[in-house]
Amino acid sequence: MTKQKVVVAEAKSGMDTTVVVPPALFTAEVKKPPLMPGGYITVSKKKLLQNIEINGGARINSWVESMRASSPTSHRKSTQDQTTWMDRHPSALKMFDEITNASKGKQIVMFLDYDGTLSPIVDDPDRAYMSDAMRATVRKLAGCFPTAIVSGRCRDKVYNFVKLAELYYAGSHGMDIRGPSKGSKYKKSAPSVLCQPASEYLPMIDEVYGLLMEKTKSTPGAKVENNKFCVSVHFRCVEEKKWSELAAQVRSVLKDYPKLRLTQGRKVLEIRPTIKWDKGKALEFLLESLGYANCTDVFPIYIGDDRTDEDAFMVLRERGQGFGILVSKFPKDTSASYSLQEPSEVMDFLQLLVDWKRCSW
Ligand SMILES: O=P(O)(O)OC[C@H]1O[C@H](O[C@H]2O[C@H](CO)[C@@H](O)[C@H](O)[C@H]2O)[C@H](O)[C@@H](O)[C@@H]1O
């Protein structure tokens, strides 16, 4: 297989690192978009590991290495690293005035990831509830700005957690987009499916879901979730010594499906179509649907905690509009400009936005 040399910026040291990657791994184009306030570009080797090669040369070891990279112990950094990272990605709460000043005269559009952003991460994906207080805050937010939930989960499932009909929902990592089903200031017509770019993959995803359920049932703690246009294989509750076994099981299924690719989130392997569609594309699609495709006076804010949210952060940098906020307690490579530590801080930030908007009416 032909190898390709890519020079990427190393976030921690500021030095350039040369990484040799097979083209199959390198599905994301590495670009350096303009700098945003408070941020800097941090595309690294880890970004490249986001897409894990299914066929060809990648060994199970590299899968497990990537699985470990999403484990909290690997985020432990020195206080110095933490301080440097916070200088580069300051708290969106502390920088609230700077953020709202930058948005003056522009239409804010809100994009919110679900797991780890609106709801705390828990062991059981079926019990990842958001609090009533968070729901009330998001409801008020949607009364002030067009608001979309962008999730890796199946759209119906994320809707059942959020339960707010006035929002846009982009499920399956943006591959299933639907407008508000009830009175939103921004959309009054009947609900409609706006975009399902991977519909032809439905039978294949169902088939792979069944095979993965069967194959992984011998691994204690593994959980397979059907997210309609993609499948999640959770390893949060799998003992680390069993991770390579699980990786081998997943690979043994996926090797027969060249039209599917594997990405990774927080203790989860995500299987999805190879189409060039992700949360970044969903963000662009939604801006277009809202009539802001070529506007200079739009200010999108995307809040997310996961590697899959990086596609959306990157789109904002490339557009030079709005900014991304990464939800994380630990320094992580990111294209987001600002940070928030956890969902409770997300709620505080959203409430500040609501109060600010109401004061300016
Ligand atoms: O894009 P998101 O809304 O963040 O969805 C990404 C995945 O989220 C869920 O898994 C994550 O949250 C679970 C509940 O807290 C946690 O147990 C798991 O370890 C996390 O990866 C969801 O279950 C997945 O299907 C989504 O792909």
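Nothing here was measured: the structure is a model prediction, and the numbers come from that model. (Residues numbered from 1 in each chain as written. Predicted model: local features only at pLDDT ≥ 70, side-chain atom pairs only at ≥ 80, totals over all residues. Heavy atoms only, no water.)

A. Representation of the environment of Lys 140 in the model. If you trace the backbone, Lys 140 turns up in helix α5 (residues 132-144). The spatial distance from the C-alpha of Lys 140 to the C-alpha of Leu 350 is 8.9 Å, given a sequence separation of 210 residues. Leaving out residues up to four positions away in the same chain, Lys 140 has contacts with Gln 351, Val 354 and Arg 358. (Helix = DSSP H or I, 4+ residues; strand = E, 2+ residues; numbered from the N terminus. Contact = heavy atoms within 4.5 Å.)

B. How the structure looks around the pairing of strand β9 (residues 223-226). Of the pairings in the sheet, the one linking β9 to strand β10 (residues 231-234) comprises four bridges and is antiparallel in character. Following the sheet pairing, Asn 226 is matched in β10 by Val 231. The turn linking β9 back onto β10 is made up of four residues, and Lys 228 within it adopts a positive phi angle of 70°. (Pairing = 2+ DSSP bridges.)

C. Region of the structure containing the nonpolar core. In this structure, Phe 111, Leu 212, Val 250 and Ile 271 are the most contacted members of the largest nonpolar core, which totals 51 residues. Looking at this core, the element that brings in the most residues is helix α8 (residues 243-254), giving six residues. Once residues within four sequence positions are removed from consideration, Leu 212 is found in contact with Val 224, Val 231, Val 233, Val 250, Val 253 and Ile 271. Phe 96, Tyr 114, Tyr 169 and Tyr 338 belong to the second-largest nonpolar core, a separate cluster that totals 36 residues. (Core = buried A, V, L, I, M, F, W, Y, C linked by side-chain atoms within 4.5 Å. Buried < 20%, exposed > 50% of the residue type's maximum accessible area, 1.4 Å probe, protein only.)

D. Structural view of the pattern of salt bridges. Counted according to the given criterion, the structure contains 19 salt bridges. Close ionic contact of Asp 132 with Arg 135 constitutes a salt bridge, the shortest N to O distance being 3.0 Å. Here the residue Asp 132 and the residue Arg 135 both occupy positions in helix α5, the gap between them amounting to three residues, near one helical turn. Classification of Asp 132 as exposed rests on a relative accessible area of 61%. Between Asp 176 and Arg 155 there is a salt bridge; the shortest N-O distance is 3.3 Å. Here Asp 176 is found in strand β7 (residues 176-178), whereas its partner Arg 155 is found in helix α6 (residues 155-162), with 21 residues between them in sequence. Taken individually, Asp 176 and Arg 155 each receive the classification buried, so the pair is uniform in this respect. (Salt bridge = Lys/Arg side-chain N within 4 Å of Asp/Glu carboxyl O.)

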